[in-house]
Amino acid sequence: MEGIAIMTSGGDAAGMNPAVKSAVDYSIKQGLKPFLIRNGLRGMIDGDIAEATREDVSGILHRGGTVLRSSRSKRFFEYEYRKQAYDNLQKLGINKLIVIGGDGSFAALNQFYADFGVPFAGIPATIDNDIPGTDYCLGVDTALNMIRDSIDSIRDTATSFSRAFVIETMGRHCGYLAMVSALSSGAEICIVPELEYDLDAIGERLRKDMKDGRGYILAIVAEGTNMAEYLTRWIKVNLNMEARLTVLGHVQRGGSPTVRDRIMAYKFAVAAVDSLQAGNTNKIMIYKDGVLGTEDIETVNSTKVELNDQILQLCEHLSK
Ligand SMILES: Nc1ncnc2c1ncn2[C@@H]1O[C@H](COP(=O)(O)OP(=O)(O)O)[C@@H](O)[C@H]1O
Ligand SMILES: O=P(O)(O)OC[C@H]1O[C@](O)(COP(=O)(O)O)[C@@H](O)[C@@H]1O
Ligand SMILES: [Mg+2]
């Protein structure tokens, strides 16, 4: 029986557990022998690898994070350690890999493929939604719902105290979480790396709104802009309104995966096993314009992520 190993790597994301479970279940159905690599790339180097049992993957589907655990590994950049990882796989008869992670993990496995020719399939999982070629990455919907709950709570206190709240979302250099959250929570301001902002225009617009009775303000700022603290001070001084900053931080990464993340995890996992079974060597699973497909890792690695035009257009008026 051919050995196939499944791992999670890089930033954890809700949806990783259902993806692991589906990948194991479907691999068995396809006559493969699934293994689990724990602790991501670090575990691959250290030989933290064992054949998957039913118990390993039962009762995990509804859990956030990754039961396999994850890591960011400096050692994996060095050939010597990648060779050690390869030897570990060889000993166990593993000749196919599924990696559930982000662009960094895909680059790592592509380097591993170039070194030793071990085919892999990548399942996009990162709350940042910043992987080129796919409209969706596992974890995004759960993170958005988490952010929605937080903003709803903040609105309660903002309205009670007639205050402005600046809320910083994660996303590294990508403004997707901030934009969708600003739209779904009816925020007054949205500052993201992808859109130019104009504080003078924002000031003029909101001063007029306040004259017309606006009592509180919600501003969503993407971490990639580094603007959250500045904007909080700016609101105090320029709008003469009490302002507070909430950095949502890692709460955005946790929580039980939503229905969307569970179903997408299932679809991506089945597609990943099928892709490897079809003889593909280094493809990333994608979901584009409502259709499931695959993309070459080279294309994913060399393309800049582009945000959906419609979302950009809908948010434009919130940054000026
Ligand atoms: N070019 C590369 N060669 C070897 N390993 C890499 C390479 N790029 C990334 N990695 C490994 O992949 C890990 C995960 O990448 P990272 O960017 O942290 O997370 P994500 O997969 O979520 O984007 C890194 O910590 C590093 O160990
Ligand atoms: O967990 P860390 O190491 O503090 O990193 C925080 C970063 O990880 C993320 O939560 C997820 O990013 P990745 O999925 O690319 O790892 C980013 O939004 C954030 O900038
Ligand atoms: Mg990344």
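The protein chain carries the name ATP-dependent 6-phosphofructokinase in an unreviewed UniProt entry, which gives Rubritalea tangerina as its organism. Under the UniProt heading Subunit (unreviewed entry), the note attached to the protein chain is "Homotetramer." Per UniProt, the protein chain carries the Catalytic activity (unreviewed entry) text "beta-D-fructose 6-phosphate + ATP = beta-D-fructose 1,6-bisphosphate + ADP + H(+)".

A. Focus on the packing of aromatic side chains. Under the definition given, this model contains five aromatic pairs. Seen from their ring centres, tyrosine 79 and phenylalanine 116 are 5.6 Å apart, and the 35 degrees between their planes marks the pair as tilted. Residue tyrosine 79 is located in helix α4 (residues 79–92), and its partner phenylalanine 116 is located in helix α5 (residues 103–116); the two are separated by 37 residues in the primary sequence. The class of tyrosine 79 is partly exposed, set by a relative accessible area of 46%. Taken together, the ring pairs in this structure connect Phe76, Tyr79, Tyr86, Phe112 and Phe116 into an aromatic cluster. One cation-aromatic arrangement involves arginine 75 over tyrosine 81; the distance from NZ or CZ to the ring centre is 5.2 Å. If you follow arginine 214 out to its NZ or CZ, it ends over the ring of tyrosine 216, 5.6 Å from the centre.

B. Here's a closer look at the sheet that holds strand β7 (residues 189–191). Strand order in the open sheet made by the four strands is β7-β8-β6-β9, with parallel pairing throughout. With partners counted over all chains shown, the strands left at the sheet margins are β7 and β9 (243–247), one partner each. Taking the axes of each pair of neighbouring strands and ignoring which way they run, one obtains an average angle of 15 degrees across the sheet. Relative to β9, strand β6 (residues 164–169) runs parallel, the two sharing five bridges. Across the sheet, residue isoleucine 167 finds its bridge partner in β9, namely threonine 246. In the packing of helix α7 (residues 176–184) onto the sheet, the strands contacted are β6, β7 and β8 (217–222), and the crossing angle to β8 comes to about 160 degrees.

C. Layout of the packing of helix α1 (residues 16–29) against helix α10 (residues 259–277). Packing of α1 against α10 leaves a shortest axis separation of 8 Å and a crossing angle of 40 degrees. By the angle class used here, α1 and α10 are oblique. For the element pair α1 and α10, the recorded crossing hand is right-handed. Contacts between α1 and α10 involve Pro18, Ala19, Ser22, Ala23, Tyr26 and Ser27 on the former and, on the latter, Arg262, Ala265, Tyr266, Ala269, Val270, Val273 and Asp274. Per-class residue counts for the contact of α1 with α10 are nine nonpolar, two polar and two charged.

What counts and what doesn't
Residues numbered from 1 in each chain as written. Chains lettered and ligands numbered in written order. Predicted model: local features only at pLDDT ≥ 70, side-chain atom pairs only at ≥ 80, totals over all residues. Heavy atoms only, no water. UniProt positions renumbered as here; feature names shortened; annotations may be inferred. Phe/Tyr/Trp six-rings, centres within 6.5 Å; stacked < 30°, edge-to-face > 60°. Helix = DSSP H or I, 4+ residues; strand = E, 2+ residues; numbered from the N terminus. Buried < 20%, exposed > 50% of the residue type's maximum accessible area, 1.4 Å probe, protein only. Lys NZ or Arg CZ within 6 Å of the ring centre and 35° of its normal. Pairing = 2+ DSSP bridges. Axes fitted to C-alpha atoms, helices over the stretch in contact; angles between N-to-C directions. Contact = heavy atoms within 4.5 Å. Parallel < 35°, antiparallel > 145°, perpendicular 65-115°, else oblique. Left-handed = near helix turned anticlockwise from the far one by under 90°. Nonpolar A, V, L, I, M, F, W, Y, C, P; charged D, E, K, R; others polar.

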